[in-house]
Amino acid sequence: MVKGPGLYTEIGKKARDLLYKDHNSDQKFSITTFSPAGVAITSTGTKKGDLLLGDVAFQSRQKNITTDLKVCTDSTVLITATVDEAAPGLKSIFSFKVPDQNSGKIELQYLHDYAGISTSMGLTQNPTVNFSGVIGTNVLAVGTDVSFDTKSGNFTKINAGLSFTKDDLIASLTVNEKGDLLNASYYQIVNPLFNTAVGAEVSHKFSSKDNTITVGTQHSLDPLTSVKARVNSAGIASALIQHEWKPKSFFTISGEVDTKSIDKSAKVGLALALKP
């Protein structure tokens, strides 16, 4: 198993997951079943205000090839084929959406003990090419993430990041939006026995001189129940409680309130995920 720096998307991921993952103000329900042939079928429904969205996803695995097919309520079908270990450390992903003829994309991911590379390209006449690369170790890593539009000849995305991991502490620094947005994040496990962790993110936008600070924490009340909370410098506070009532089946209640406008109604989200 490769124990290198990972892909660029993993820079700051622990802090992002602690601060933002599972926090929502919608009502979501999903159920997964398996056909006799071993195909996983997942039906999902989401209520966003007065809008009701839904999709049905099918997943089949044959040796090192995984095929995903998702049918959405907007009459589109997303098909993704993933080949793991096509060569040592290499993963290839091919996806396209029907009926969009310009949605085809191919992506290659390569993981090494001292590098992580991901490159993707749209299957069109003038595609957008994306490249991200990280070098280093599982302690210190630096990387970049860029996109180039071959039609206009311009870079549409230029990001860079740095990650440092020491024992139970992870710190990261990223520069996004072509140098206009600076993000610094921090994540630390305080008590491994109860999965207690704290995290923080500081963002500064140079063009508008806006600063945003978000802090959060998580804690396991018991092996099956966990709580998370966060608050940012704008006064938005959020909290959730999640219970795993059977393996891989979760019930989550989350809420959000504007502490600077207590008279406004709080936002409440519910999520139920059922797996056999």
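See the structure above.
Okay, so let's go over this structure. (Residues numbered from 1 in each chain as written. Predicted model: local features only at pLDDT ≥ 70, side-chain atom pairs only at ≥ 80, totals over all residues. Heavy atoms only, no water.)

### With respect to the pairing of strand β3 (residues 51-62)
Logical step 1: The sheet contact formed by strand β2 (residues 40-48) and β3 spans 9 bridges and is antiparallel. Its bridge partner lying in β3, S43 is registered against V56.
Logical step 2: Counting the residues in the hairpin turn of β2 and β3 gives 2 residues, including G49, whose phi is positive at 65°.
Logical step 3: Here β3 pairs with strand β4 (residues 65-72) via 8 bridges, running antiparallel. Across the sheet, V56 pairs through a bridge with V71, a residue of β4.
Logical step 4: Between the end of β3 and the start of β4, which pair antiparallel, lie 2 residues, with K63 showing a positive phi angle near 55°. (Pairing = 2+ DSSP bridges. Helix = DSSP H or I, 4+ residues; strand = E, 2+ residues; numbered from the N terminus.)

### Digging into unusual backbone geometry
Working note: non-glycine residues mostly have negative phi, and peptide bonds are mostly trans.
Logical step 1: A cis geometry characterises the amide bond from V98 onward to P99, with omega recorded as 15°.
Logical step 2: Inspection of the secondary structure assignment puts P99 in the loop between β6 (90-98) and β7 (105-112).
Logical step 3: Phi is positive for E85, close to 50°, though the residue is something other than glycine.
Logical step 4: Position of E85 among the secondary structure elements: in strand β5 (residues 77-87).

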